[in-house]
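A structural walkthrough
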Amino acid sequence: MELYLDTADVIAVKRLARVLPLQGVTTNPSIIAKEGKSLWEVLPALRDALGGTGKLFAQVIANDSERMVTEAVMMTERVSGVIVKIPTTAEGLAAIKKLNTMNIATLGTAVYGAGQGLLAAMAGAAYVAPYVNRVDAQGGDGIGMVRELHQLLKMHAPDSRVLAASFKTPRQALDCMLAGCEAITLPIDIAEQMLLSPAVQSAVEKFEQDWQGAFGTNVLG
């Protein structure tokens, strides 16, 4: 199971990397634009926040396959080990096929259907990113789509992994893992919701109060 953060917030990544078993960070053009900094500045800073290791995912801007390939090559030359996110359009599939022959790792992104994700995997994408909440928002079944995609990849593209994205609740993320996802990427707020609970904090405070009341200290020993 691989856990990623979907963000370009370097400070948040550094804070959460201390406690979460992170494999890396995923970004997209909207996330990078929100930070207002160059991709070439953000990606190295994110890797430093991860402790100098971990996978980084960055997305091309181009819409046609030839320019997608050019941008992908640029990314891998300027940022070592980056995995290039390619939208799974017709042009994107052509780019994924070409990049696969060049041994450049890709993720097929913006997946709204299991069949679409399977095509990306068969074209050579190492990861396929279904948009769970966005499918739900359109009246579909995001978790059901993930479950179908996971089964399709197991049968027909076992070298590719589902990396589920687009979450609005921790429950969606858990349901994806129960559906067989090998990887998920969480927005900062969802990751924090999974870590923090008022009920847990209340229980810890009660333990401390009881110990203090009995022994006059909150230190063991």
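About the cut-offs
Residues numbered from 1 in each chain as written. Predicted model: local features only at pLDDT ≥ 70, side-chain atom pairs only at ≥ 80, totals over all residues. Heavy atoms only, no water. UniProt positions renumbered as here; feature names shortened; annotations may be inferred. Pairing = 2+ DSSP bridges. Helix = DSSP H or I, 4+ residues; strand = E, 2+ residues; numbered from the N terminus. Axes fitted to C-alpha atoms, helices over the stretch in contact; angles between N-to-C directions. Parallel < 35°, antiparallel > 145°, perpendicular 65-115°, else oblique. Contact = heavy atoms within 4.5 Å. Nonpolar A, V, L, I, M, F, W, Y, C, P; charged D, E, K, R; others polar. Buried < 20%, exposed > 50% of the residue type's maximum accessible area, 1.4 Å probe, protein only. Lys, Arg positive; Asp, Glu negative; His and termini not counted. Salt bridge = Lys/Arg side-chain N within 4 Å of Asp/Glu carboxyl O. Phe/Tyr/Trp six-rings, centres within 6.5 Å; stacked < 30°, edge-to-face > 60°. Lys NZ or Arg CZ within 6 Å of the ring centre and 35° of its normal. Core = buried A, V, L, I, M, F, W, Y, C linked by side-chain atoms within 4.5 Å.

The protein is annotated in an unreviewed UniProt entry as Fructose-6-phosphate aldolase of Hafnia paralvei. As stated in UniProt under Sequence similarities (unreviewed entry), the record for the protein gives "Belongs to the transaldolase family. Type 3A subfamily." In its Subcellular location (unreviewed entry) section, UniProt records this for the protein: "Cytoplasm".

With respect to topology, 8 strands assemble into a closed barrel ordered β1-β2-β3-β4-β5-β6-β7-β8, the strand pairing being parallel. For this sheet, the mean inter-axis angle between neighbouring strands, taken without regard to orientation, is 30 degrees.

Interhelical geometry of helix α5 (residues 90-101) versus helix α6 (residues 114-123) gives an angle of 25 degrees and a closest axis separation of 8 Å. When the interaxial angle is binned, α5 and α6 end up roughly parallel. Here Leu93, Ile96, Lys97 and Asn100 of α5 come into contact with α6, specifically with Leu119, Ala120 and Ala123. The residue inventory of the contact of α5 with α6, partitioned by class, reads 5 nonpolar, 1 polar and 1 charged.

This brings us to the side chain of Arg47. Mapping Arg47 onto the fold places it in helix α3 (residues 39-49). Comment: no salt bridge for buried Arg47; closest opposite-charge side chain is Asp48, at 7.3 Å. With near-sequence residues (within four places) excluded, Arg47 lies in contact with Gly52, Thr53, Gly54, Leu56, Val79, Ser80 and Gly81.

On to the packing of aromatic side chains, then. Within the structure shown, the criterion is met by 4 aromatic pairs. With a centroid separation of 5.6 Å and 75 degrees between ring planes, the pair formed by Tyr112 and Tyr131 is classed as edge-to-face. Of the two residues, Tyr112 sits in the loop between β5 (106-111) and α6 while Tyr131 sits in the loop between β6 (127-130) and α7 (132-137), which places them 19 residues apart along the sequence. What makes Tyr112 partly exposed here is its relative accessible area of 33%. For the ring pair Trp211 and Phe215, a centre distance of 4.5 Å and an interplane angle of 50 degrees mean the geometry is tilted. You can see Trp211 and its partner Phe215 sitting in helix α11 (residues 198-215), 4 residues apart, about one turn around the helix. With relative accessibility at 36%, the residue Trp211 sits in the partly exposed group. A residue is classified by how much of its surface remains accessible, and Phe215, at 55% relative accessible area, is exposed. In this structure an aromatic cluster arises from ring pairing among Tyr4, Phe57 and Tyr127. For the cation-ring pair, Arg78 lies above Trp40, with the distance from its terminal atom to the ring centre recorded as 4.2 Å.

It is worth spelling out the nonpolar core at this point. Within the largest apolar cluster, 60 residues are counted, with the highest numbers of intra-cluster contacts made by Cys176 and Ile184. Once you skip the residues sitting within four places of it in the chain, Cys176 turns out to touch Val132, Ile143, Val146, Ala164, Phe167, Cys181 and Ile184. Core analysis: the second largest hydrophobic core is formed by 8 residues, Tyr4, Phe57, Leu107 and Ala129 among them.

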